[in-house]
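# Structural description and commentary
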Amino acid sequence: MLSRWSGIFQVAAVYVGTVVGAGFATGKEVVEFFTRYGFYGFIGILIAGYIFIFSGTKIMLISSRIKAASYEEFNQFLFGKKLAGVINVFFLIMLLGVTAVMISGSGAVFEEQLGISKNVGSWTTALLASLVLMLGMRGLFTVNSFVVPIMILFSLILFFSTLGTGEFLSSLTQFPEERISLKMIFSPFAYTAFNLALAQAVLVPVAYEVKDERIIKQGAILGGVFLTIILLTGHLSLMTLPDVMSYEIPSAALMKMVGGHLHWMFILVIYGEIFTSVIGNIYGLQRQISNYIKVPGIFIIAFSFIVALIIGTYGYGRLLGYLYPVFGYISLLFLILVWKSDAGKKI
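Below is a short write-up of the structure. What you see is a predicted model; the values in this text were computed from it and never measured.

Helix and strand counts for the protein chain stand at 16 helices and zero strands. Per-residue burial for the protein chain yields a buried fraction of 59% across its 347 residues. Long-range pairs, those at least 24 residues apart, make up 84% of the contacts in the protein chain with a sequence separation of at least 6. About 14500 Å² of surface is accessible on the protein chain, with carbon and sulfur atoms providing 68% of the total.

Another point: the environment of Met 94. Inspection of the secondary structure assignment puts Met 94 in helix α6 (residues 81-114). On a C-alpha basis, the gap between Met 94 and Phe 327 in space is 7.2 Å, while along the polypeptide they are 233 residues apart. Ignoring anything within four residues of it in the chain, the contact list for Met 94 reads Phe 194, Ala 197, Leu 198, Phe 327 and Ser 331.

Now for a nonpolar patch on the surface. Among the surface-exposed residues, Leu 128, Leu 131, Met 134, Tyr 292, Ile 293, Val 295, Ile 298 and Phe 299 lie close enough to one another that they form a single nonpolar patch of about 810 Å² accessible area. Taken together, the elements giving at least two residues each to the nonpolar patch come down to α7 (118-133) and α14 (297-311). In this fold, Tyr 292 is placed in the loop between α13 (263-289) and α14. We classify Tyr 292 as exposed; its relative accessible area is 51%.

Rules of the game
- Residues numbered from 1 in each chain as written.
- Predicted model: local features only at pLDDT ≥ 70, side-chain atom pairs only at ≥ 80, totals over all residues.
- Heavy atoms only, no water.
- Helix = DSSP H or I, 4+ residues; strand = E, 2+ residues; numbered from the N terminus.
- Buried < 20%, exposed > 50% of the residue type's maximum accessible area, 1.4 Å probe, protein only.
- Contact = heavy atoms within 4.5 Å.
- Areas by Shrake-Rupley, 256 points an atom, 1.4 Å probe, with all protein chains shown as cover.
- Patch = residues over 30% accessible without salt bridge, like charges linked within 9 Å, V, L, I, M, F, W, Y side chains within 5 Å.
- Salt bridge = Lys/Arg side-chain N within 4 Å of Asp/Glu carboxyl O.

Shown next as structure tokens:
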């Protein structure tokens, strides 16, 4: 029984750790897709939470049932062999681009919060992640099982800290000045589509390794619930931060304001959240590229990091603002095909 529950938690932790990256952890992504829309953002998070629970579970169950070992095989099932080649190249580029955002985000943590060079932060992240990735799937499970519980704990601490500011209720019911737009309406769908399209790089091989459908299903559902809690508490907390759009790392600024004694520990949590997503993305890249190029995995990992570091020089905030929405809308097709698939009907 213990090993079963341990397996469920490990699946959930990897799911959460893969989705929660630089934008999510620092609060920038939550602000971009939800908090800027006030009360409408709250409704959007409830929609996004349901999609994470339902679609994440379906992706893993489909993967298990068709015995897909990589996201290349999964996309061949969804899109067909001809179109899958183009889609897989696109996802490979997307993984590299988002990994660049993650690494740039880790550099922003060092620079904005610690006063250390951004380059030092980015290269430190790349080196540490390379060491973890040398352990393969075991490294993913170990790091995520450690970081994710702390991540959830601090999300709750930040949330309960803002309850005492006196601004919580007024912030919760705040409506944005802008009118309801298509971008606002599609925001939860674009956000979840983007994150799930990326997460498949890890969710597919995890489902292949675990094999037990009960563990996969319950782990994916638990992971989706955790993601909803983190999203919701993050949004409700950030709603109380004045000029929230002006911060590169709004969650850290909020923690400094309401819980200064925990600020430095929270910085470590943010870094840990970014780190789990970096190792997840590079793990997916390494599994995919190794299908085409037969070289030791460490060379693929090193090459991926060098490319990501070069892309990351454009700046975290700018990359997040441009890449994430574009990738999100394109990933909507992926999400629609997952919903339509018969292989995961009984979830």
